[in-house]
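Here's the letter readout for the chains.
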Amino acid sequence: GEGVVATVARGINTGYEDTNTCVVTKSSNGCESDRVKIQVAGRYRPNGIILSSRDIVSQYSLDTLWYFGNARPDAVIDWKLPTGKAVITQYIGRDTIVVRFDSTGYMPIRMQVDNHNCLSPEAIVEIYVRPVPAIKITTKPEICLDEYAHIGLNYSTINISDFKWNFGGGQVKYGAYPTGP
């Protein structure tokens, strides 16, 4: 039979997941071209958010981040970290990563889910990374057994609340231990 002549192709229903099949043909001067089947797969659009295991992150420390959303097992999760400031040290399964933060300040972590080229909106979480306190300690480079050695703290970052000393078996004979001078 005669088909409906249309210059604009009908839209494909993408309101549900399924493979839709359309047949396309062209007529010219009473002659019809071969019929061509076109199949289009309707796919779901994934969503998701980024969750963090820690409220406070310090420079050079690790944080575990994971994806939470509706992605199915065949979807791919793409993580993006600030270049040169954070690095993924471990993948745990498909949706969890361990990140080391090498810089300080606000670090935007981005994540997007790919379901066969149907992409989720990009999820972004900003993690504030605190600087590691800096200290400089001086002492003699060599010490004899049973000799007292003076250990001096000649520089430290302001606002350090506590010092944790470990002398590897040595004993404190005098001084302002444990919090420092």
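This write-up is about the structure you can find in this document. Note that the structure is a prediction, hence the values are computed from the model and not measured.

A look at the overall build of the protein
When its secondary structure is counted, the protein shows zero helices and 15 strands. Residue burial in the protein is summarised as follows: out of 181 residues, 22% are buried. For the protein, restricting intrachain contacts to residue pairs at least 6 apart in sequence, the fraction spanning at least 24 positions comes to 44%. Element-wise, carbon and sulfur atoms account for 52% of the exposed surface of the protein, whose accessible area totals about 13500 Å².

What to know about the environment of valine 36
Relative to the helices and strands, valine 36 is located in strand E4 (residues 36-42). Valine 36 gets classed as partly exposed once you look at its relative accessible area, which sits at 44%. For the pair formed by valine 36 and lysine 26, sequence separation is 10 residues and the distance between their alpha carbons is 9.7 Å. What valine 36 contacts, discounting residues up to four positions off in sequence, is Cys22, Val23 and Val24.

Considerations on the sheet that holds strand E10 (residues 96-101)
In any sheet, the strands associate via hydrogen bonds between backbone groups, in a parallel or an antiparallel arrangement. Taken in spatial order, the four strands line up as E5-E7-E10-E9 in an open sheet, and their pairing is antiparallel. Each of the sheet's edge strands pairs with one partner strand only, and the pair in question is strand E5 (48-52) and strand E9 (86-92). In this sheet, adjacent strand axes meet at a mean angle of 30° when their direction is disregarded. Judged from the five bridges that link them, strand E7 (residues 62-69) and E10 form a sheet pairing that is antiparallel. Looking across to E10, one finds that threonine 64 is bridged to valine 98.

Structural notes on the nonpolar core
Core analysis: the biggest nonpolar cluster contains 21 residues, and Leu65, Trp79, Phe101, Ile109 and Met111 have the highest contact counts within it. Elements with a minimum of two residues in this core: E7, strand E8 (76-80), E10, strand E11 (105-115) and strand E13 (123-130). Take this core: its biggest share by element is four residues, from E11. The residues touching phenylalanine 101, leaving out its near neighbours within four places in the chain, are Val57, Gln59, Tyr60, Ser61, Asp63, Lys85, Ala86, Met107, Ile109, Ile127 and Val129.

Description of the packing of aromatic side chains
Following the criterion strictly, the structure yields one aromatic pair and no others. Over the face of the ring belonging to tyrosine 44 we find arginine 72, whose NZ or CZ atom lies 4.2 Å from the ring centre.

A word on unusual backbone geometry
The phi torsion at asparagine 29 lies on the positive side, around 55°, for a residue other than glycine. Inspection of the secondary structure puts asparagine 29 in the loop between strand E2 (27-28) and strand E3 (31-32). One non-glycine residue with positive phi stands out, namely tyrosine 60, at about 70°. As for its placement among the helices and strands, tyrosine 60 is situated in the loop between strand E6 (57-58) and E7.

Reading guide: rules and limits
Residues numbered from 1 in each chain as written. Predicted model: local features only at pLDDT ≥ 70, side-chain atom pairs only at ≥ 80, totals over all residues. Heavy atoms only, no water. Helix = DSSP H or I, 4+ residues; strand = E, 2+ residues; numbered from the N terminus. Buried < 20%, exposed > 50% of the residue type's maximum accessible area, 1.4 Å probe, protein only. Contact = heavy atoms within 4.5 Å. Areas by Shrake-Rupley, 256 points an atom, 1.4 Å probe, with all protein chains shown as cover. Pairing = 2+ DSSP bridges. Axes fitted to C-alpha atoms, helices over the stretch in contact; angles between N-to-C directions. Core = buried A, V, L, I, M, F, W, Y, C linked by side-chain atoms within 4.5 Å. Phe/Tyr/Trp six-rings, centres within 6.5 Å; stacked < 30°, edge-to-face > 60°. Lys NZ or Arg CZ within 6 Å of the ring centre and 35° of its normal.

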